Structures are given as C-alpha cells and as structure tokens.
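What the coordinates show
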Amino acid sequence: AIHCGSTAAVAVYLPKEGGNGAELYVANTGDTRVVLIAGATPGAPQRLSTDHLPSNNAETQRVIGCGGAIINGRVGGSLAVTRALGDHSLKAGPPACGVSAEPSVVARDIGPTDRYLIMASDGIWDVVSEAAAQAHILTTAGGSNLQVVAGSLVKKAVEEGSRDNVSVLLVRFA
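Each residue is numbered by its place in its chain's sequence as written, counting from 1. The predicted nature of this model means local features are confined to residues of pLDDT at least 70 and side-chain atom pairs, given and counted, to a pLDDT of 80 or more, with totals for whole chains, interfaces and linings taken over all residues. Side-chain numbers come from the whole structure's heavy atoms, not from hydrogens or water.

**Topic: helix α4 (residues 146–159)**
Which entries qualify depends on this criterion: A run of H or I in DSSP becomes a helix once it reaches four residues, and a run of E becomes a strand once it reaches two; helices and strands are each numbered from the N terminus. Helices are assigned an expected span. That span is 1.5 Å times one less than the residue count. Buried, partly exposed and exposed residues are distinguished by accessible area as a fraction of the type maximum, computed with a 1.4 Å probe on protein chains only: under 20%, between the cut-offs, and over 50%, respectively. When we speak of the arc, we mean the arc of directions from the helix axis to the C-beta atoms. Contacts are residue-level and defined by heavy atoms, with any inter-residue pair within 4.5 Å sufficient. Throughout this description, a polar contact denotes any pair of N or O atoms lying within 3.5 Å of each other; where both atoms belong to protein, one of them has to be capable of donating a hydrogen while the other can accept it, and for residues adjacent in sequence the pair is counted only when both atoms sit in side chains.
Between its terminal C-alpha atoms α4 stretches 20 Å, which fits the 20 Å expected from 14 residues at 1.5 Å a residue. Within the span of α4, buried status applies to L146, V149, A150, L153 and A157. Axial view of α4: buried residues confined to an arc of 100°, hence all on one face. Summarising the geometry of α4, the exposed residues directed more than 90 degrees from the buried face are Q147, V148, K155 and E159. Buried residues along α4 sit in contact with β10 (114–120), α2 (122–125), α3 (130–140) and β11 (168–172). At the N-terminal end of α4, a side-chain oxygen is found 2.7 Å from the backbone nitrogen of Q147, two or three residues along, and the residue is N145. Downstream of α4 by a residue or two, G161 has a phi angle that is positive, lying close to 105°.

Below, the structure written as structure tokens:
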C-alpha cells in the first residue's frame, strides 16, 4: 500500500588489508539508530547514524525546500520521520511532501578499542539513552550470547515504558 513505510539501517564491515583494523560504513533512513561502543575504558557512545526527524532543523529545511510542510511536528501532518522506505503517498505530488528514501551515510575506521555496534529502532532510544545502553551492554555482554544481551535490552526498553517498536541487533567486533 502507498501509505506504508519503514525506517532502515545498514552497516558494512570491511577488514583492511594486512589485518590492521577495519572500515565500517553505516547508512540509515528514518530514526533507526546505529551506535558504536568502545571496550575496556569506554568514552561516550558514538552515534553513527542521523535521526531523520522533523525536530532536526536540517531535515525540516530539506522538507520545506522540496515543497513539503511540517505540521504538528509531522511531515504533511502525518509522518513522524522525514526519510523512510515506502510511504509513497508522502513522496509524490502534487503537492510534494518532502519525504525521501535517500540515506545518510558515514564511514569510520574501527580500531582496537571499538567493541560493539548497536542497531536499534526508535522504541529503544525513546526510553533508553545511548549511555544507558552502553552501560547495559558492557555489564551484560562479556562472554554472553549476543542474542540474549540484545533481548535483555529490548526487555529493558519495554520495562521503561516504550510504546513503540523495540528491535535490537548487537554486533561484537573482536
């Protein structure tokens, strides 16, 4: 149907020649978020994605520049994200609404202290901060099954009151 859509995030991990680290490429559309976590002496978690929301000024300007409008904090008064796969009724005109499927893309070197990549839907981030997710993963992951750890993060979000979709993919680097 032309009224259905989804957000998405993709990560590609490419080892460098000679085994000297790797490159990570991340692309996202919508509000699925990708966060990098360091290991033993972690700093702040590093967000590698962009939240494509009407509250993001650059996104609001892009939507308006395409002939769309932000009404009550939503694109065209109906969609909570400014970029999505599908949602064709908000992409085509007339009038154009400014929703796009074009992803934001980032490339980053993965070093020896980088440990985990969290890819999670907005229902997680609505109630669990990136710092809290990092602390949860670093205290529960260890030698644990990552599927179990990801499930425990989903459970944490539900217990914190998330009312949105809650999906987590957790990747361990070395």
